[in-house]
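The residues making up each chain are set out below.
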Amino acid sequence: MDESPLQKIRYEYEPKLPAILRGSVDRIALRLEEPAGHGTSGGSPDSEGIRALFPHTYGKPLARFVEGSNPGMKRRLTVGVILSGGQAPGGHNVIAGLFDGLKKGNPESRLIGFAGGPGGLVNDKAVEITGDLVDRYRNTGGFDIIGSGRDKIETPEQFEKAAAAVRARGLDAVVVIGGDDSNTNAALLAEFFAGRGQNVSVIGVPKTIDGDLKNEYIETSFGFDTAVMTYSELIGNIERDAASARKYWHFIKLMGRSASHIALECALQCRPNIALVSEEVEARGWTLSRITDYICDAVAARAERGENFGVVLVPEGLVEFIPEFKVLISELNDLLAAEASAFGALGEAAARIEFVTARLSPDSAALYRSLPGDIKLQLIMDRDPHGNVQVSRIETEKLLIALVEARLADRKAAGTYKGKFSWQNHFFGYEGRSAFPSNFDADYCYSLGFTAFALIASGLSGYISSVRNLTAKAEDWTAGGAPLTMMMNLERRHGSRKPVIRKALVDLEGGPFKAFVAEREDWAVRTVYRFPGAIQYFGPPEVCDSVTRTLELERGR
Ligand code: FBP
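Residues numbered from 1 in each chain as written. Predicted model: local features only at pLDDT ≥ 70, side-chain atom pairs only at ≥ 80, totals over all residues. Heavy atoms only, no water.

Asker: How should I be thinking about empty space enclosed by the protein in this particular structure?
Answerer: It is the rolling of a water-molecule-sized probe over the atoms that shows where space remains empty. Evaluation of the coordinates by the stated rule reveals four cavities of 30 Å³ or more. Of the voids in this model, the largest cavity is the one considered here, and its volume is about 50 Å³. Lining the largest cavity are Ile82, Pro118, Ile153, Val176, Ser182, Asn185, Ala186 and Leu189. If one sorts the elements of the lining of the largest cavity by residue count, helix H7 (residues 180–195) sits on top with four residues. In terms of residue class, the lining of the largest cavity is made up of six nonpolar, two polar and no charged. (1 Å grid on protein atoms, 1.4 Å probe; cavity = no way out; pocket = protein on both sides within 12 Å on 5 of 7 lines; lining within 4 Å. Points joined across faces, edges and corners; volume = space filled by probe spheres on them. Helix = DSSP H or I, 4+ residues; strand = E, 2+ residues; numbered from the N terminus. Nonpolar A, V, L, I, M, F, W, Y, C, P; charged D, E, K, R; others polar.)

Asker: Got a minute to help me understand the sheet that holds strand E10 (residues 274–275) in this structure?
Answerer: What holds strands together in a sheet is hydrogen bonding between their backbones, with the strands either parallel or antiparallel. A sheet is described by the order of its strands in space; here four strands give the open sequence E10-E11-E9-E12, paired in parallel fashion. The outermost strands of the open sheet, each flanked by one partner alone, are E10 and strand E12 (423–428). One ladder, built from six bridges, connects strand E9 (residues 249–254) with E12; its direction is parallel. Along E12, the bridge assignment pairs leucine 254 with phenylalanine 428. Packing of helix H11 (residues 288–304) onto the sheet brings it into contact with E9, E10 and strand E11 (310–315), and relative to E9 it is tilted by some 145°. (Pairing = 2+ DSSP bridges. Contact = heavy atoms within 4.5 Å. Axes fitted to C-alpha atoms, helices over the stretch in contact; angles between N-to-C directions.)

Asker: It is not clear to me how the packing of aromatic side chains should be interpreted in this structure. Could you clarify?
Answerer: The geometry of an aromatic ring pair is captured by two quantities: the separation of the ring centres and the angle between the planes. Scanning the model with the defined rule gives 13 aromatic pairs in all. Aromatic side chains phenylalanine 251 and phenylalanine 421 sit 6.2 Å apart centroid to centroid with 90° between the ring planes, which places their arrangement in the edge-to-face category. Linking phenylalanine 251 in strand E9 with phenylalanine 421 in the loop between helix H17 (396–414) and E12, this pair joins segments that are 170 residues apart in sequence. Taking the relative accessible area as the measure of exposure, phenylalanine 251 reaches 0% and is therefore buried. Through pairs of rings, three or more aromatic residues link up here, namely Phe159, Phe192 and Phe193. (Phe/Tyr/Trp six-rings, centres within 6.5 Å; stacked < 30°, edge-to-face > 60°. Buried < 20%, exposed > 50% of the residue type's maximum accessible area, 1.4 Å probe, protein only.)

Asker: Would you take a moment to explain the confidence of the model for the protein chain for this structure?
Answerer: As a general rule, the predicted coordinates of low-pLDDT regions are not to be interpreted in detail. For the protein chain, mean pLDDT is 94; residues scoring 70 or higher make up 97% of the total. In this model, residues 37–42 is a region of pLDDT below 50 whose contacts with residues beyond four sequence positions or in other chains number 16 contacts. (pLDDT = per-residue confidence, 0-100.)

Asker: How should the site of the ligand be read in this particular structure?
Answerer: Near the ligand, the surroundings consist of 14 residues, among which Gly86, Thr208, Asp210, Glu316 and Tyr430 are the closest. A distance of 2.6 Å is found between an oxygen atom of the ligand and a side-chain nitrogen or oxygen belonging to glutamate 316. Between tyrosine 430 and the ligand, the recorded distance is 2.5 Å, taken from a side-chain N or O atom to an oxygen atom. Summarising the interface, the protein chains cover 81% of the accessible area of the ligand, which totals 490 Å² for the free molecule. Taken together, the residues of the shell around the ligand sort by class into three nonpolar, five polar and six charged. (Near = heavy atom within 4 Å. Polar contact = N/O pair within 3.5 Å; in protein donor to acceptor, adjacent residues only side chain to side chain. Areas by Shrake-Rupley, 256 points an atom, 1.4 Å probe, with all protein chains shown as cover.)

Asker: Is there a simple way to think about the packing of helix H3 (residues 91–105) against helix H19 (residues 439–457) in this case?
Answerer: Angle between the axes and distance between the axes are the two parameters that describe a pair of packed helices. Where H3 meets H19, the closest approach of the two axes is 7 Å, and the angle between their N-to-C directions is 40°. With respect to their mutual orientation, H3 and H19 come out oblique. Our pair here, H3 against H19, has a crossing hand that is right-handed. For the pair formed by H3 and H19, the contact residues are Asn93, Val94, Ala96, Gly97, Leu98, Asp100, Gly101, Leu102, Lys104 and Gly105 on the first element and Ala442, Cys445, Tyr446, Gly449, Phe450, Ala452, Phe453 and Ile456 on the second. Each residue belonging to the contact of H3 with H19 can be placed in one class, and the counts come to 11 nonpolar, five polar and two charged. (Parallel < 35°, antiparallel > 145°, perpendicular 65-115°, else oblique. Left-handed = near helix turned anticlockwise from the far one by under 90°.)

Asker: Would you take a moment to explain H17 for this structure?
Answerer: Since the α-helix packs 3.6 residues into each turn, any two residues three or four apart lie on the same face. Over its 19 residues, H17 extends 27 Å from the first C-alpha to the last, a length consistent with the 27 Å expected when each residue adds 1.5 Å. Looking only at H17, the buried set comprises Thr396, Glu397, Leu399, Leu400, Ile401, Val404, Leu408 and Arg411. For H17, the secondary structure elements touched by its buried residues are E9, H11, E11, helix H12 (323–338), helix H16 (373–379) and E12. The positive-phi residue at the C-terminal boundary of H17 is glycine 415, with phi of around 80°. (Expected span 1.5 Å × (residues − 1).)

Asker: Just to check I follow, could you spell out the pattern of salt bridges for this structure?
Answerer: A side chain of one charge can pair with a side chain of the opposite charge if their charged atoms are brought near each other. Under the counting rule described, the total for this entry stands at 30 salt bridges. The salt bridge partner of lysine 214 is glutamate 554, with a shortest N-O separation of 2.8 Å. Of the two residues, lysine 214 sits in the loop between strand E8 (201–206) and helix H8 (224–245) while glutamate 554 sits in helix H22 (residues 549–554), which places them 340 residues apart along the sequence. On the accessibility criterion, lysine 214 (12% relative accessible area) is buried. Accessibility expressed as a relative area gives 32% for glutamate 554, which makes it partly exposed. We note a salt bridge from glutamate 509 to lysine 514, for which the minimum N-O separation is 3.7 Å. Look at lysine 514 and you get partly exposed, because its relative accessible area is 46%. (Salt bridge = Lys/Arg side-chain N within 4 Å of Asp/Glu carboxyl O.)

Shown next, in the form of structure tokens:
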């Protein structure tokens, strides 16, 4: 393979570990602590329901690694690892940290990678992860070392097959690197093994660029840092271009299936004229028409200043937070599930559109009819394996452009707007998911993987790897684990109440959103863009080892 100079030099980067994980492994002692405020892993309003569903793994204490003695760290282990869901920068370093921990504990220990996500475990498709293999992926983006997938381990047959694969390979543990759904799956797997007395530990690792797998014990999911800095570089470049050419309004859709953490962080980094936050739209009950006016007001105000250009950030998940759209999408989800075969038999796009329009409630049908043809089709495309509409394929930014253009034409006709409106549209998502991890993500992921090893070697199961105090220097980070059941509640999915890890949406009372609100009126009218530039890997720590504004503001810095 012809490798770029950066790729070669990144192989040599040595990720920074918390002090407790450095040196000899047998001094990494386990301390179990009851979480503050409650005696068991309760805390969720659904704790009794969760306890009933997880009788063998519920109620465990928090785990923290401290200086001491732990001879168990040196035992020989065989561990399986799965990458699950969308790519996030740093996944390879989780595997590298896990591998190095295992080998440091005992050179005879082995790491098996299941190929293509959870399906690889069910179908026992795996490769041995060797030193040579891992060395070719250190500090690189992507999940291609073993591949990922979005399958869920759901049915009793799938659980049995997973158990058989674990037995056949003599595994002591399975590490699941994934988001909220995958870690929910990890908790179910841990409970399944514990319930049948199969001595296999299951450990989760918090992954997702969306940044919505976080709570008291997980300060951020890995990949968020690199993804937002990649998008922020691109947004800053576009802002400079917009301010130079002075002729386009750029509408930029940013990834993030549900939560708007990515859009909010990019706004804090780049100071665009407008950034929509889906959670606020929902909380205020903003209609599509209200959002259109909000954007038009800024376009008009800037036009008054002779600035017929600007930048608008649109979170990918927005449509599902606009009240009337939420109802429409939910009706479409139910309809497409209930009438799958009749709908599937229709070939023509026009026939499909007619089919659904005739079956929607009057309000939803009226909204659906009012949408541009492309958006109509995007809304009835295939659902993801969880039955959700694939928001990354809905061109929300184009929908907003069409609405803004039409509304501005009305205002012009009424004499209330005199500017010019030309636009460009963009979608930044896949560009950031497999980028070379920032130093932060490289260090954090390696530490998460090493911590997963320490949790396994300490005999724990049903935990998620937890590395905290992330706004401090890496040497001062703490390492430990939190019981997965502690993060769960019961949610209605496909008609029944299911245990799921709580998704962390943007907190409208939180530091990042408040910091944004304090400034956005100014950003809307004036041109005060900020240019973060490309991720830097070498140079002064304030440039290379910084953390996101989200993390700083949430941690009160
Ligand atoms: P995860 O939740 O699996 O981490 O994936 C996040 C994400 O990148 C979303 O931001 C996006 O909506 C989705 O994956 C896209 O999925 P796909 O890769 O299937 O197009």
